[in-house]
Amino acid sequence: GGQILRVSTALSCLLGLPLRVRRIRAGRSQPGLRPQHLSGLEIIRDLCEGKLEGGEIGSTEITFTPGKIKGGTHIADTKTAGSVCLLMQVAMPCVLFAASPSELHLKGGTNAEMAPQIDYTVMVFKPIVEKFNFRFNCDIKKRGYYPQGGGEVVVQMSPVKELSPINLTERGTVTKIYGRAFVAGALPIKLAKDMSAAAVRCIRKEIRDLYINIQPVREPDDQAFGTGSGIIVVAETSTGCLLAGSSLGKRGKNSDKVGIEAAEILLRNLKHGGTVDDSLQDQLIIFMALAKGVSRVKSGPITLHTQTAIHFAEQLTKAKFTVTKLEDEDPGKDAYIIECQGMGMVNPNL
C-alpha cells in the first residue's frame, strides 16, 4: 500500500539504502502507483539526487537508489486531488537531515479523503511533532478539493543535528474544544454553520460544561480552487495533548451528518484515554525511530497503519519498538503504550 511506500522510501533516502518495492497496491481496483504516490517518490528522488526506476502511473514495481540529501527548493505536483499532506509525510523526515534548509511546494488536494486534512496537519500534527525538537512553517497558499485538486502548500524547514525523543503518556483533562467548519466555491456558508452546530450538539451530549468554539468559515475565492466543504474539531488537554475528529462533505451527504461524524470520531478518540488520536499515531512512528533515546506514547487501539509503520521502521533502522496494553486502566478504556528505542540518526551534514 501507499503507506509502506512512503515509510520505506523516506528511510531508504535517510539511510542511503537502495530499495526495491514490488506488488505496489496489488489488491486495489486501480493497482500500482497513483499520481500522489508518484509525486512523493519524485520529490524524494529530487531531494537527494537519487535514481528512480519504474516511476510511472500504474507501475507495480519501483527501484530507488538514494544520493545525498541536499535541501533547497523542490516542487511536487500530483496534478490531481492527491493529498499534499501525504507528500509532506514522505518528505519531512528527509529534509530534517538535509545539508541546508528546504522549501517544499506541494500541489494537489489539501482536504482529501483517506488522508489527513491540511487543517489537521497545521492544528494537530505540527504542534505535536515539533516536540521532537524541530520547527517547520506551513503556509496554505491555496486550498484544493476533490476531484481537481489545485491546492498549494509551502513548507519551510531547516535541518537538525538529531531528533529528541518524546514522552506523551499523560493525557490530563480536556480544557477546550475548538475547530473550523469550512465551505469553498459554490457552497453557501449555511452549510458550514449547520456542520458546526451539529458537531456541537453531538459533543454536548457527552461533555456538558466546556465551551465549544467551532467557527464556520467560507474560504476566500482567491485562496481556494474548486468546491468543497468539511470540518475539523480539536480537543486540547491540560497537558498539551491535541486530539481531533474531522470529516469531509460530499455531494448528497447531509451537512449535519458531516458535523456529527467529526464529533463522533473526536469522542471516540477521547474515550480510549490515549494522548494521541488514531490519525496521529502512525505519523509519529518514523520520528520515534529516528530520534536519539527512548520515546513513549500512550495511544488507543493500535491501527493497521501504525503496525505497518512499526514493522518497516524496525526492518530498515536499528530502532526497537514495544507495544504494551495497559491493564490497570478503567475497564472502559483501551489504551496502549508505544515505546521506541530510537536509532539516534545524526545529520552527517551538520
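Residues numbered from 1 in each chain as written. Predicted model: local features only at pLDDT ≥ 70, side-chain atom pairs only at ≥ 80, totals over all residues. Heavy atoms only, no water.

Here we come to the nonpolar core. What tends to happen in soluble globular proteins is that the nonpolar side chains get buried as a cluster. One finds Phe132, Phe134, Phe136, Leu163, Leu284, Phe287 and Phe321 to be the most contacted residues of the largest nonpolar core, which totals 77 residues. Looking at which element gives the most residues to this core, the answer is helix 3 (residues 84-96), with 10 residues. Apart from residues lying up to four places away in sequence, Phe321 is in contact with Ile285, Met288, Ala289, Ile310, Ala313, Glu314, Ile338, Glu339 and Cys340. Counting 24 residues, the second largest nonpolar core, distinct from the first, contains Cys202, Ile212, Leu243 and Val258. (Core = buried A, V, L, I, M, F, W, Y, C linked by side-chain atoms within 4.5 Å. Buried < 20%, exposed > 50% of the residue type's maximum accessible area, 1.4 Å probe, protein only. Helix = DSSP H or I, 4+ residues; strand = E, 2+ residues; numbered from the N terminus. Contact = heavy atoms within 4.5 Å.)

Sites flagged by UniProt as "active site" (unreviewed entry) map to His305. Note on placement: His305 falls in helix 8 (residues 304-316). Beyond its immediate chain neighbours, meaning those up to four positions away, His305 contacts Gln3 and Asp282. (UniProt positions renumbered as here; feature names shortened; annotations may be inferred.)

What follows deals with the domain arrangement of the protein. As far as domains go, the protein holds domain 1 (1-160), domain 2 (162-167 + 273-349) and domain 3 (174-271). Inter-centroid distance (C-alpha atoms) of domain 2 to domain 3 is 28 Å. Residue-level contacts link seven residues of domain 2 with eight residues of domain 3. Across the domain 2/domain 3 interface, buried area totals approximately 580 Å², and carbon plus sulfur atoms make up 39% of it. On the domain 2 side of the contact with domain 3, Thr275, Asp277 and Asp278 bury the most area, a combined 61% of that side's loss. Where domain 2 packs against domain 3, one counts zero salt bridges. (Domains from an automatic or database assignment. Buried area = accessible area lost by both parts, 1.4 Å probe. Salt bridge = Lys/Arg side-chain N within 4 Å of Asp/Glu carboxyl O.)

This next bit is on the sheet that holds strand 6 (residues 136-144). Across the sheet, five strands lie side by side as 4-5-7-6-11; this open sheet has mixed pairing. Pairing within the sheet leaves two strands with one partner each, and these edge strands are strand 4 (72-77) and strand 11 (224-225). Bridge analysis of strand 5 (residues 102-108) against strand 7 (residues 151-157) gives seven bridges, and the strand direction is antiparallel. Directly across from Glu103, in strand 7, lies its bridge partner Gln156. The strands touched by helix 2 (residues 35-47) are strand 4 and strand 5; relative to strand 4, the strand with the most contacts, the crossing angle is about 165°. Helix-sheet contacts for helix 3 involve strand 4, strand 5, strand 6 and strand 7, and the interaxial angle to strand 5 is about 165°. (Pairing = 2+ DSSP bridges. Axes fitted to C-alpha atoms, helices over the stretch in contact; angles between N-to-C directions.)

With that settled, the discussion passes to the UniProt feature "domain: RNA 3'-terminal phosphate cyclase" (unreviewed entry) in the protein. The positions UniProt marks with the feature "domain: RNA 3'-terminal phosphate cyclase" (unreviewed entry) are residues 1-323. With 34% helix and 27% strand, residues 1-323 has end C-alpha atoms that lie 23 Å from one another.

This part is about the sheet that holds strand 16 (residues 336-341). Spatial strand order, 8-14-16-15: four strands in an open sheet with mixed pairing. Each of the sheet's edge strands pairs with one partner strand only, and the pair in question is strand 8 (167-168) and strand 15 (320-325). Sheet analysis places strand 8 next to strand 14 (residues 294-299), joined by two bridges and oriented parallel. Looking at strand 14, one finds that Asn167 is bridged to Arg296.

This part covers helix 1 (residues 2-15). Counted at 1.5 Å a residue, the expected span for helix 1 with its 14 residues is 20 Å, and the 20 Å between its end C-alpha atoms agrees. Most of helix 1 sits inside the fold, with 12 of its 14 residues counted as buried. Within helix 1 the residues assigned to the buried category are Gly2, Gln3, Leu5, Arg6, Val7, Ser8, Thr9, Ala10, Leu11, Ser12, Cys13 and Leu14. Packing partners of the buried residues in helix 1 comprise strand 1 (19-21), helix 2, strand 3 (62-65), helix 3, helix 7 (281-290) and helix 8. In the segment just after helix 1, Gly16 is the residue with positive phi, at about 70°. (Expected span 1.5 Å × (residues − 1).)

Bridge analysis of strand 9 (residues 174-184) against strand 12 (residues 228-237) gives 10 bridges, and the strand direction is antiparallel. If you follow Gly179 over to strand 12, its bridge partner there is Val233. When strand 9 meets strand 10 (residues 212-218), the two strands line up parallel, connected through seven bridges. Residue pairing in the sheet places Ile177 in a bridge with Ile212 of strand 10. As for the winding sense of the linkage, the β-α-β connection from strand 9 through helix 5 (residues 189-206) to strand 10 is right-handed. (Right-handed = clockwise from strand over helix to strand, strands pointing away.)

Structurally, the position occupied by Glu170 is in the loop between strand 8 and strand 9. Residue Glu170 is classed as exposed on the basis of its relative accessible area of 57%. In contact with Glu170, not counting residues within four places along its chain, are Thr239, Cys241 and Thr275.

On to the side chain of Thr308, then. Note on placement: Thr308 falls in helix 8. Within polar-contact distance, the side chain of Thr308 engages the backbone oxygen of Leu304 at 2.8 Å. (Polar contact = N/O pair within 3.5 Å; in protein donor to acceptor, adjacent residues only side chain to side chain.)

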